[in-house]
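Results of the structural survey
Here are the chains, one letter per residue:
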2 protein chains.
Amino acid sequence: MYRDEHLQIDMSGQVEFDTRRLTLTRKEFELLAMLARNAGEIVPRDILLSTVWGYCEGTRTRTLDVHVRRLRRKLGGLGDTYIQTVFGVGYRFERYRAPRPLLTYSMPAFAATA
Amino acid sequence: MYRDEHLQIDMSGQVEFDTRRLTLTRKEFELLAMLARNAGEIVPRDILLSTVWGYCEGTRTRTLDVHVRRLRRKLGGLGDTYIQTVFGVGYRFERYRAPRPLLTYSMPAFAATA
DNA sequence: GCGAAGTTGTAAAGATTTTGTAAAAGCAGG
DNA sequence: CCTGCTTTTACAAAATCTTTACAACTTCGC
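Residues numbered from 1 in each chain as written. Chains lettered and ligands numbered in written order. Predicted model: local features only at pLDDT ≥ 70, side-chain atom pairs only at ≥ 80, totals over all residues. Heavy atoms only, no water.

1. Focus on the overall build of chain A
Defined as follows: Secondary structure elements are taken from DSSP: a helix is a run of H or I of four residues or more, a strand is a run of E of two residues or more, and numbering for both begins at the N terminus. Categorising residues by exposure relies on relative accessible area from a 1.4 Å probe, with only protein chains included: less than 20% of the type maximum marks a residue as buried, more than 50% marks it as exposed, and the intermediate range marks it as partly exposed. We call two residues contacting when some pair of their heavy atoms lies within 4.5 Å. For every accessible area listed, the method is Shrake-Rupley and the probe measures 1.4 Å; residues are considered covered only by the protein chains on display.
Within chain A one finds four helices and seven strands. Moving toward the C terminus, one meets the helices and strands of chain A in the order β-β-β-β-α-β-α-α-α-β-β. For chain A, with 114 residues in total, the buried portion stands at 36%. In chain A, the share of contacts with a sequence separation of at least 24, taken over all contacts with a separation of at least 6, comes to 45%. Summed over all atoms, the accessible surface of chain A reaches about 7600 Å², with 52% contributed by carbon and sulfur.

And the structure:
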């Protein structure tokens, strides 16, 4: 369903992060799957709440946010990178892109002994 | 059908664990076989119940769990290792992997007599 | 065919995990 | 600076799993 160099999400419910299998609860997985399915797109909170929780439009709850918190924590240092907040709208799953390598010159060997 | 350094499962119904022949009942074997056939994958309870028991989707029963319990007990100390619970979803058969040996120096023979 | 032994399903009690949410604090935006 | 949204944490409720015991059913041996 989704794959990049850090994260792999299967339809079956298995999620692998940096070659470690993540233990996600059912709701956590459903949320992650929903976001990953719409990777790169902003998914409004109402859509997330109705799809994952079956809540009516306009329901005011912090349930979603707490689950986002729990997911981010399980995604370690990249939690905030993968799941981004769009203020007042919802969340967006951002595909991981390795930073473009900077152009560098090779340091002289003696300088490297520091 | 499946083999690792501890467990061996034959199509014929024979199961060997640490060189001892396990005596599994018919249902126990069918369950183990189904799990082992999908080793590494999460198998939802509904799939297990319909495949092994012929139950309808959505049937609420603890039959499966009790059989898992019986199986785990027959697998001795590795029962929990081989058959893992995926909360709210089902079970997963995990292949046994020996822990990667740590790099060590060889102990002198005299020290090993302790 | 019958009794014994084994297998299987399930109830029920207890344990464990998941989930929802309150509340306080932090932060974004106007 | 204020309002409203997000984050965080803790806790209780809900859901699920585990365990054990027992009854019913099936199989086996005589």
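2. Description of the environment of I42 of chain B
All names here are of chain B. In this fold, I42 is placed in strand β5 (residues 42-44). Among the residues examined, I42 registers a relative accessible area of 11% and is labelled buried. Residues I42 and Y91, 49 residues apart in the sequence, show an inter-C-alpha distance of 5.7 Å.

3. So, the side chain of D65 of chain A
All names here are of chain A. This is how the line gets drawn: Polar contacts here mean pairs of N or O atoms no more than 3.5 Å apart (in protein, one a potential hydrogen donor and the other a potential acceptor; neighbouring residues in sequence count only if both atoms are side-chain atoms).
Mapped onto the elements of the fold, D65 is located in helix α3 (residues 63-74). A polar contact of 2.9 Å, which involves the side chain of D65, links it to the side chain of Y91. The contact partners of D65, leaving out residues within four places of it in the chain, are R45 and Y91.

4. What about the interface of chain B and chain A?
How big an interface is tends to be reported as the loss of accessible area on association of its parts. Note the following rule: Salt bridge criterion: a side-chain nitrogen from Lys or Arg within 4 Å of a carboxyl oxygen from Asp or Glu. Side-chain classes follow a simple rule in which Ala, Val, Leu, Ile, Met, Phe, Trp, Tyr, Cys and Pro form the nonpolar group, Asp, Glu, Lys and Arg form the charged group, and the remainder, Gly included, forms the polar group.
Counting residues at the interface gives seven residues for chain B and five residues for chain A. Here chain B is connected to chain A by one salt bridge. Where E94 of chain B meets R21 of chain A, a salt bridge forms, and the shortest distance between an N and an O atom there is 2.9 Å. For the side of chain B that touches chain A, the per-class residue count stands at two nonpolar, two polar and three charged.

5. Quick word on the protein's contact with DNA strand C
The cut-off we apply is this: Proximity is defined per residue: any heavy atom of the residue falling within 4 Å of a molecule or strand makes that residue near it.
Taken together, 24 residues lie around DNA strand C, and T25, W53 and R70 of chain A together with T25 and R70 of chain B are the ones closest in. Each atom of DNA strand C within 4 Å of the protein was assigned to sugar, phosphate or base; sugar and phosphate come to 66%. Within the side chain of T61 of chain A, an N or O atom sits 3.4 Å from a phosphate oxygen of DNA strand C. A distance of 2.9 Å separates a phosphate oxygen of DNA strand C from a polar side-chain atom of T63 of chain B. When contributions to the surface near DNA strand C are tallied by element, the ones reaching two or more residues are α1 (26-37) and α3 of chain A together with α1 (26-37) and α3 (63-74) of chain B.

6. Observations regarding the sheet that holds strand β4 (residues 20-22) of chain A
Residues and elements named next belong to chain A. We apply this condition: Between any two strands, at least two bridges found by DSSP are needed for them to pair. In this analysis, axes come from line fits to C-alpha atoms, helices being fitted only over the stretch in contact, and the angle between any two N-to-C directions falls in the range 0 to 180 degrees.
Spatially, four strands are ordered β1-β2-β3-β4 in an open sheet, and the strand pairing comes out antiparallel. Each end of this open sheet is capped by a strand with a single partner; those strands are β1 (2-3) and β4. With three bridges joining them, strand β3 (residues 15-17) and β4 adopt antiparallel strand pairing. Across the sheet, the residue bridging to E16 is R21, located in β4. Together, β1, β2 (7-9) and β3 form the strand contacts of α1, whose direction differs from that of β2 by roughly 105 degrees.

7. Details of the protein's contact with DNA strand D
Lining the immediate surroundings of DNA strand D are 22 residues, of which R69, T85 and Y91 of chain A together with R69 and T85 of chain B lie closest. Of all DNA strand D atoms lying within 4 Å of any protein atom, the proportion belonging to sugar or phosphate reaches 67%. Interatomic distance of 2.5 Å between a side-chain N/O atom of T85 of chain A and a phosphate oxygen of DNA strand D. Counting only elements with at least two residues in the surface near DNA strand D, the list comes to α3 of chain A together with α3 of chain B. Looking at side-chain class alone, the surface near DNA strand D contains six nonpolar, four polar and twelve charged residues.

8. Some details on α3 of chain B
The α-helix advances 3.6 residues per turn, and as a result positions three or four apart in sequence lie on the same side. All names here are of chain B. Applied cut-off: Expected helix span is taken as 1.5 Å per residue step, with the number of steps being one fewer than the number of residues.
Between the first and last C-alpha of α3 there are 17 Å, a value that for twelve residues agrees with the 16 Å anticipated at 1.5 Å per step. In the core, the buried residues of α3 are packed alongside α1, α2 (45-53), α4 (79-82), β6 (83-86) and β7 (90-93). Two residues or fewer after α3 comes G76, characterised by a positive phi angle close to 55 degrees.

9. Quick word on the pattern of salt bridges
The final tally for this structure, using the stated rule, is 13 salt bridges over all chains. For the salt bridge of R26 of chain B with E30 of chain B, the shortest nitrogen-to-oxygen distance reads 3.7 Å. Residue R26 of chain B and its partner E30 of chain B are both found in helix α1; the two are separated by four residues, about one turn of the helix. A relative accessible area of 27% means that E30 of chain B is categorised as partly exposed. Measuring nitrogen to oxygen at the nearest pair gives 2.7 Å for the salt bridge that ties K74 of chain B to E28 of chain B. Placement of K74 of chain B in helix α3 and of E28 of chain B in helix α1 is noted, with a sequence separation of 46 residues between them. Look at K74 of chain B and you get partly exposed, because its relative accessible area is 29%. Overlapping salt bridges, with partners in common, bring together R21 of chain A together with R92 and E94 of chain B in one network.

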